[in-house]
Amino acid sequence: MSTRSPPDACTLLDSDHRNVKKLFNQYDEISGSKAKSSMQTRRELAEQICLELTVHAQVEEEIFYPAVRAAIKEHDLLDEAEVEHASVKDLITQIQGASEVDDMFDAKVKVLGEYIDHHVKEERNEMFPKARASKLDLIAMREELQVRKEQLMTELEGANA
Ligand SMILES: [Fe+2]
Ligand SMILES: [Fe+2]
């Protein structure tokens, strides 16, 4: 992407991707430790990762994916992305339901990170370029995504409080 193009829907989604990658890296650095303080931090990081990913996946499914599906011919890209989201949600449910921060918990977070790396690569390298080459107004969509993200974040944070 040219640095001169204005930020659009894909820029926003990719900044979510980078943000969550940082959280996965932070988790990875302290993964495996038996210290109580580490377990607490891992639980908090995992909860943050799950929250961010849930909101991100939902705005993609509500706004971005349907618009891209209507605008491009390569529907297999969208089909695969939706299947991947289902696997991601399943792991998120397992992580959120886990009672112990143990080796299995670390393994779940690690596998979630690997799924996300793979999924993000496809969005970044295949889906976003096709969306940008289409007639979609991605600059207007950026605003729509931002508004919906904030709504969902408030709702979900409220539900978890
Ligand atoms: Fe994404
Ligand atoms: Fe996605």
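Everything numeric here is computed off the predicted structure, so don't read it as measured data.

Asker: Where do I start with the coordination of the iron ion (ligand 2) in this structure?
Answerer: Geometry reference: four tetrahedral donors at a metal, ideal angle 109.5 degrees. Six octahedral donors, ideal angles 90 or 180 degrees. Only Glu60 (OE), Tyr65 (OH), His85 (NE2), His119 (NE2) and Glu123 (OE) from the protein coordinate the iron ion (ligand 2), and they sit 2.0 to 2.2 Å from it. In this structure, the iron ion (ligand 2) lies 3.3 Å from the iron ion (ligand 1), and both are coordinated by glutamate 60. Given the relative accessible area of 0%, glutamate 60 is considered buried. Taking relative accessible area as the criterion, tyrosine 65 reaches 0% and is therefore assigned buried.

Asker: Before we go on, may I ask you to explain the side chain of histidine 17 in this structure?
Answerer: Looking at the secondary structure, you find histidine 17 in helix H1 (residues 9-30). With residues near it in sequence (within four places) discarded, histidine 17 still touches His56, Glu60, Val120, Glu123, Arg124 and Phe128.

Asker: Quick question: what am I supposed to make of the pattern of salt bridges here?
Answerer: Opposite charge on two side chains lets them pair, provided their charged atoms get close. Applying the stated rule across the entire model yields eleven salt bridges. Between aspartate 14 and arginine 18 there is a salt bridge, and its shortest N-O distance comes to 3.6 Å. Of the two residues, aspartate 14 and arginine 18 both sit in helix H1, four residues apart, roughly one turn of that helix. Aspartate 106 is paired through a salt bridge with arginine 42; the nearest N and O atoms lie 3.1 Å apart.

Asker: What is the right way to look at the nonpolar core in this model?
Answerer: Burial of nonpolar side chains together is a common tendency in soluble globular proteins. Core analysis: the largest hydrophobic core is formed by 24 residues, its most contacted members being Phe64, Met127, Met141 and Leu145. Looking at this core, the elements that each hand over two or more residues are H1, helix H2 (36-71), helix H3 (75-97), helix H4 (103-133) and helix H5 (138-160). Ranked by the residues each element gives to this core, the list is headed by H2, at eight residues. Residue contacts for leucine 145: discarding those within four places in its chain leaves Ala9, Leu12, Leu13, Val59, Ile63 and Phe64. If you look at the next biggest cluster of nonpolar residues, it comprises 20 residues, including Tyr27, Val101, Ile116 and Val120.

Asker: What is the right way to read the packing of aromatic side chains from this model?
Answerer: The way to describe two aromatic rings as a pair is by their centre distance and the angle between their planes. If you walk through the whole model with that rule in mind, you get two aromatic pairs. Ring plane angle 55 degrees and centroid distance 6.3 Å describe the contact between phenylalanine 64 and tyrosine 65, whose orientation is recorded as tilted. Taking 5.6 Å as the distance between ring centres and 90 degrees as the angle between the ring planes, the aromatic pair formed by phenylalanine 64 and phenylalanine 128 counts as edge-to-face. You can see phenylalanine 64 sitting in helix H2 and its partner phenylalanine 128 sitting in helix H4, a full 64 residues away along the chain.

What counts as what
Residues numbered from 1 in each chain as written. Chains lettered and ligands numbered in written order. Predicted model: local features only at pLDDT ≥ 70, side-chain atom pairs only at ≥ 80, totals over all residues. Heavy atoms only, no water. Donors = N, O, S within 2.8 Å, 3.2 Å for Na, K, Ca; no water. Buried < 20%, exposed > 50% of the residue type's maximum accessible area, 1.4 Å probe, protein only. Helix = DSSP H or I, 4+ residues; strand = E, 2+ residues; numbered from the N terminus. Contact = heavy atoms within 4.5 Å. Salt bridge = Lys/Arg side-chain N within 4 Å of Asp/Glu carboxyl O. Core = buried A, V, L, I, M, F, W, Y, C linked by side-chain atoms within 4.5 Å. Phe/Tyr/Trp six-rings, centres within 6.5 Å; stacked < 30°, edge-to-face > 60°.

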